[in-house]
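# Geometric and topological summary
Each chain is listed here by its residues.
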Amino acid sequence: MSRLAASILKRDQIVERMAAHPLTLSLGAVMVFAQAAIYVCEIASFPFSSMLALNWANLNPGAIMFPFTHYAPLSPDELGVPFSPFDFLVSVTLFLVCGMSLLSSGPVVEQYYGTRKTAAAFFVCMVGHAAVASALPDKFAFSTLAFATFLIVTSLLVQLERRETRVETQNDFRMAVLMAALVLAAMGAAFLGKSYVSLLAAVAVGPAFAVLGFVLNWKLQMRAVRLNGQGKVGNLYFVEEIDLLTRHEVEERMDRLLDKIAGGGMESLDPDEQRFLKSASRRLKHTESDQSR
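## Thoughts on the overall build of the protein chain
Counting its regular elements, the protein chain contains 11 helices and 4 strands. By the burial criterion, 41% of the 293 residues in the protein chain qualify as buried. When contacts within the protein chain are restricted to residue pairs at least 6 apart in sequence, long-range pairs at least 24 apart make up 70% of them. With the model as given, the accessible surface of the protein chain reaches about 16000 Å², and the carbon-plus-sulfur share is 65%.

## Quick look at the environment of Lys117
Secondary-structure assignment places Lys117 in helix α6 (residues 115–134). Residue Lys117 is classed as partly exposed on the basis of its relative accessible area of 48%. A C-alpha to C-alpha distance of 9.9 Å links Lys117 and Gly213, two positions 96 residues apart in sequence. A distance of 3.4 Å separates a polar atom in the side chain of Lys117 from a polar atom in the side chain of Asn217.

## Observations regarding the environment of Ala186
Its location among the elements puts Ala186 in helix α8 (residues 168–191). According to the relative accessible area criterion, Ala186 is partly exposed, its value standing at 39%. Along the chain, Ala186 and Leu199 lie 13 residues apart, while their C-alpha atoms are 8.0 Å from each other.

## Observations concerning the nonpolar core
Core analysis: the largest hydrophobic core is formed by 49 residues, its most contacted members being Leu145, Phe147 and Phe150. Secondary-structure elements contributing two or more residues to this core are α3 (22–43), α5 (85–113), α6, α7 (145–162), α8 and α9 (197–228). For this core, the element with the highest residue contribution is α7, accounting for 10 residues. Not counting chain neighbours up to four residues away, the residues in contact with Phe147 comprise Leu27, Leu102, Thr118, Ala121, Phe122, Cys125 and Met126. Judged by nonpolar contacts, the second largest core, of 5 residues, contains Ile38, Phe48, Leu52 and Tyr71.

## Comments concerning the layout of surface pockets
The space that makes up the second largest pocket amounts to roughly 310 Å³. Lining of the second largest pocket is provided by 13 residues; of these, Tyr113, Lys117, Ala121, Gly213 and Leu216 occupy positions nearest its centre. Of all the elements in the fold, those that place two or more residues in the lining of the second largest pocket are α6 and α9. Tallying contributions element by element places α9 first for the lining of the second largest pocket, with 6 residues.

## A closer look at unusual backbone geometry
The backbone of Ser143 shows a phi angle near 80°, a positive value even though the residue is not glycine. Relative to the assigned elements, Ser143 resides in the loop between β2 (140–141) and α7.

So, how was this worked out
Residues numbered from 1 in each chain as written. Predicted model: local features only at pLDDT ≥ 70, side-chain atom pairs only at ≥ 80, totals over all residues. Heavy atoms only, no water. Helix = DSSP H or I, 4+ residues; strand = E, 2+ residues; numbered from the N terminus. Buried < 20%, exposed > 50% of the residue type's maximum accessible area, 1.4 Å probe, protein only. Contact = heavy atoms within 4.5 Å. Areas by Shrake-Rupley, 256 points an atom, 1.4 Å probe, with all protein chains shown as cover. Polar contact = N/O pair within 3.5 Å; in protein donor to acceptor, adjacent residues only side chain to side chain. Core = buried A, V, L, I, M, F, W, Y, C linked by side-chain atoms within 4.5 Å. 1 Å grid on protein atoms, 1.4 Å probe; cavity = no way out; pocket = protein on both sides within 12 Å on 5 of 7 lines; lining within 4 Å. Points joined across faces, edges and corners; volume = space filled by probe spheres on them.

Below is the structure:
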């Protein structure tokens, strides 16, 4: 565990992640500053968490910050209640779960999907969390837990696809963080304040969108390969068939396709054969132009 923590928090790796994975580190920084401000205000008996959490029953401009708050918002009839040490302890635990999810799984997901797609996933998770929370009796939504569980499940799917045995320790750690998130959400909904029920919505939305996004991305990659004849699906690379053939083999297949066209027209060729014919024509033209120089 100490080796894993050292690898995650190593100074040079943090600098590298800031350059290669800007979204993950930016979210982490915003989360830290937002949480610090909430703690200061809550200790001073000012219910700042209620102002920043999303409450569909009483919307306010600060609700836009609900993904970055990890202190349970007070119910509308409890405004002015003094600082609660127990809520503070739970909020620290929730903050650590989300923070470790960002640090351990965020770079993997951002490298796999890219920064733009990961940012879109963050937005979708937050909208999904808010939508599900609006159907709950107390209509509260807070914390980054939806996106955190999205990151963990997606990173596990990515590593399973790659079948890399050297990251088994990291995968075990991610599974432990995911289980901690599930237990925290269940315990909060069962024994703590009403606003903690929204954490159940978060742990439902995150993994669901992770699986849906992973499958959709895989299908889009397969579609691109079918259209272009080459590309990448997961960690598998596909190349044009023509790149694997000699010039003699290309000319033989072109002759067969031209005979097929002569007998049944261009419509007799299927899409793969039409693509091969175009690629082969370009390759032979380039070869002839190179030879004429």
